[in-house]
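The primary structure of each chain is shown beneath.
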Amino acid sequence: MMKKNILKYIALTLCSTLLLTSFACSKKQEESGAGDKPSVTVVEGEYLYLGGVSEYSILIRDDANFYESFAANELADNLKKATGNAIPIVTEEELKNSNRVISLGHTFLWDENVRIELSADDIVDSGYYIKTVDKNVYISCPDYTSSTGVLYGSYDFLNDTIGYEFFAADEIYYEETKDIPLLKYSGYSVNPTFEMRMLPKADLRDDRDTVRRYRMMSPSSAFGLITWGHGQASQYVNPDAQCTCGLDGCGNDITYQQHHPDWFSNYGTKNLQLCWTGGETLERVAAERFIEFFQKYPDAQYFMFGQEDNISYCDCERCAAAIREYAGNPAGLHVSFVNNVIRLANAWLNKNQPGRRVKYIIYAYYATEEAPVKTTESGEIVEYSDKVIPEKDLYIFYTPIYANFAFQIDSPKNASVYKNLKEWSAIANGQLIMYLYDINFRNYFINFNNFGTVKGMYEMCKNLGVACISSQAADSYTTCFQEMRSYVESSLMWDLSLSYDELVRKFMSAYYKDASAYLYEYYQIMRDRYAYYQNVVSPESGGIYGDINSKDLWTQPVIDKIDKVFDKALNSIKKYETTNPRLYESLKNRIMKERLSSIYIKMTVLSSYYSAEEIEQMRAELKYYVNLFKLSEIMEGVGFGDMLD
């Protein structure tokens, strides 16, 4: 990584200069330490740009997929902003000069000059390989991956050449330059710490380009994640759908539940779960549904087979006997059933789409969160039977909804979470997805206190064989450092060797500029207050439904101290009000978005300390910024009511 000291910060409508240090954000596949990327040298006498002019073109395949095309446009656009001149994007058919090329994806030049067959066994989906051969730079990834790796390799290339870094949709930086030397990449693979990284939250849901620039995935078909969430008995084998099993009695006027009542849990007629001992015909029908999705989404990588969102699991005699015989618990029934479905689905894939490898996902959630294992006399954790060992393409989405996020996973506060994760790791190491949370669902205007545990939780997950991380926030727009959280957490998911606090400071310097020291001071006051409250007063308040809108936590003196810090933050940018009004307005809005938390606390639990006139002033201010930032809820499913009137 080429070190840059003076970095030009480019917002979509802003421009200012800031002193920062760039950092490496990739992991060398061949070595264990994240961020151990080989050094990049310069090709003596050769330039990508010289005097603002380039002889290079960006090459993509004639049938380039979405990510390859997007990567080419990101390269061309950012290099143009940095140098003032664009590099043309050409397809293989359009290529005239093959001597000065940035080649993206599996092009014919890759086959001619690099001649390396990349394997999905060595480079995970979203990883990439980069090499300079003569005067050309090649970035590619294995076939039958989504080609997100080509995009992420392009971002690393931009970071190396122009110091590019993405903080937020309205805060991107690059270094303006006229001369960019050609870099010599020795040829190496780059894999992220976690192969799949997700931050489900409203602002990212509605801005797919920002998701891609954070190197995130969004749980949608646009990102190759199909049938995401719950849906075994709604999207795959719907009890109310017309039966197509092909057995005697199957017809136009009969549903699955009517024809096969034993395929569903015996808990009435609503919110049914599949019976996981339903038999071979049920397994075939489920596999056929997978095959329909394979054909509908030929580029998709992940297919979720999520149990319904309830605990109405089947407890028929057949299930009870299977638990005793080979499953151990409901999760064992679940894994065994899905294993059989996967074998059928993969047999079709191998015959009809040879080389394509997909990944199947099921929940470990509610009554299936406990792994189907047993402990030997020597203390070793082993599978309950060989039937409950997940197939190599089956991922377990462990969802600890009762975790206390103010404490680490191996804390006594999270004993059951740690136990479950360790036990799943014993039979599914490398095939685990961890479902974490970034929000208190009862308090959207108060910061969730997981700042000090995020990195430790990621580290624990990595050590226990978690391959993918998903950290959920609110489904509606919220305040509480959402932009900072997205930047910091996406960076750590990519490279866990980075420092959480250094990323926070770096983000604040870029995003709040002159006010960054005061926003960091507010951040520290808040964390110090939580450290006292959650260790001494209310240890259980660190859960996703914990009581954190409390006057015992946010006393009037504490809020008064926070208000004074925000006053200083606003004063620090006041000079721009006349010299750069656009910058001033942007920074003011960013600061006020975080100040809404103290305004909300004063209007709710501390209202007795303020006059009616002061409350009305707060109400007007809150209403203005609620509309500006499109905030709609104070907690999950609850709007503002008459709070703004």
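Only a predicted model underlies this, so the values are computations on that prediction, with no experimental measurement involved.

Enquirer: Help me understand the sheet that holds strand E6 (residues 101-104) in this model?
Expert: Two orientations exist for strands paired in a sheet by backbone hydrogen bonds: parallel and antiparallel. Read across the sheet, 6 strands follow the order E5-E4-E6-E8-E7-E12 without closing on themselves; strand pairing throughout is mixed. Of all the strands in the sheet, just strand E5 (89-91) and strand E12 (188-190) have a single pairing partner and so form its edges. Each strand axis lies, on average, 25 degrees off the axis of its neighbour in the sheet, ignoring direction. Bridging between strand E7 (residues 128-133) and E12 involves 3 bridges; their strand directions are antiparallel. In the sheet register, Tyr129 faces E12, and the bridge partner there is Ser189. The sheet strands contacting helix H1 (residues 66-83) are strand E4 (57-60), E5 and E6, and the helix crosses E4 at an angle near 175 degrees.

Enquirer: It is not clear to me how the side chain of Thr132 should be interpreted in this structure. Could you clarify?
Expert: Mapped onto the elements, Thr132 comes out in strand E7. Judged by relative accessible area, which is 2%, Thr132 ranks as buried. Reaching out from Thr132, the side chain makes a polar contact with the backbone oxygen of Leu183 at a distance of 2.8 Å. Excluding its chain neighbours within four sequence positions, the residues that come into contact with Thr132 are Val137, Leu183, Lys184 and Tyr185.

Enquirer: Honestly, the pattern of salt bridges in this entry has me stumped. Any pointers?
Expert: Close approach of charged atoms lets side chains of opposite charge pair. Across all of its chains, the model carries 32 salt bridges by this definition. Of the charged contacts, one joins Asp514 and Lys575 as a salt bridge, the two residues approaching to 2.9 Å between their closest N and O atoms. With Asp514 in the loop between helix H14 (500-512) and helix H15 (516-537) and Lys575 in the loop between helix H16 (556-572) and helix H17 (576-579), this residue pair connects regions lying 61 residues apart in the sequence. Accessibility expressed as a relative area gives 28% for Asp514, which makes it partly exposed. Bridged by salt links that share partners, the residues Asp170, Glu171, Lys513 and Arg590 form one connected network.

Enquirer: Would you explain the sheet that holds strand E15 (residues 302-304) in this entry?
Expert: The strand order across the open sheet formed by 7 strands is E13-E21-E20-E19-E16-E15-E14, and the pairing between neighbours is parallel. Looking at the sheet topology across the chains shown, the edges are occupied by strand E13 (196-198) and strand E14 (225-226). As defined by bridge partners, strand E16 (residues 359-364) adjoins strand E19 (residues 394-398) across 5 bridges and the pair is classed as parallel. When the bridges of E19 are listed, Ile361 appears paired with Tyr395. Its contacts with the sheet place helix H8 (residues 280-296) against E14, E15 and E16, and it is angled at close to 145 degrees to E15. Packed on one face of the sheet, helix H11 (residues 415-428) meets E16, E19, strand E20 (432-437) and strand E21 (466-472) and runs near 175 degrees to E19.

Conventions adopted
- Residues numbered from 1 in each chain as written.
- Predicted model: local features only at pLDDT ≥ 70, side-chain atom pairs only at ≥ 80, totals over all residues.
- Heavy atoms only, no water.
- Pairing = 2+ DSSP bridges.
- Helix = DSSP H or I, 4+ residues; strand = E, 2+ residues; numbered from the N terminus.
- Axes fitted to C-alpha atoms, helices over the stretch in contact; angles between N-to-C directions.
- Contact = heavy atoms within 4.5 Å.
- Buried < 20%, exposed > 50% of the residue type's maximum accessible area, 1.4 Å probe, protein only.
- Polar contact = N/O pair within 3.5 Å; in protein donor to acceptor, adjacent residues only side chain to side chain.
- Salt bridge = Lys/Arg side-chain N within 4 Å of Asp/Glu carboxyl O.

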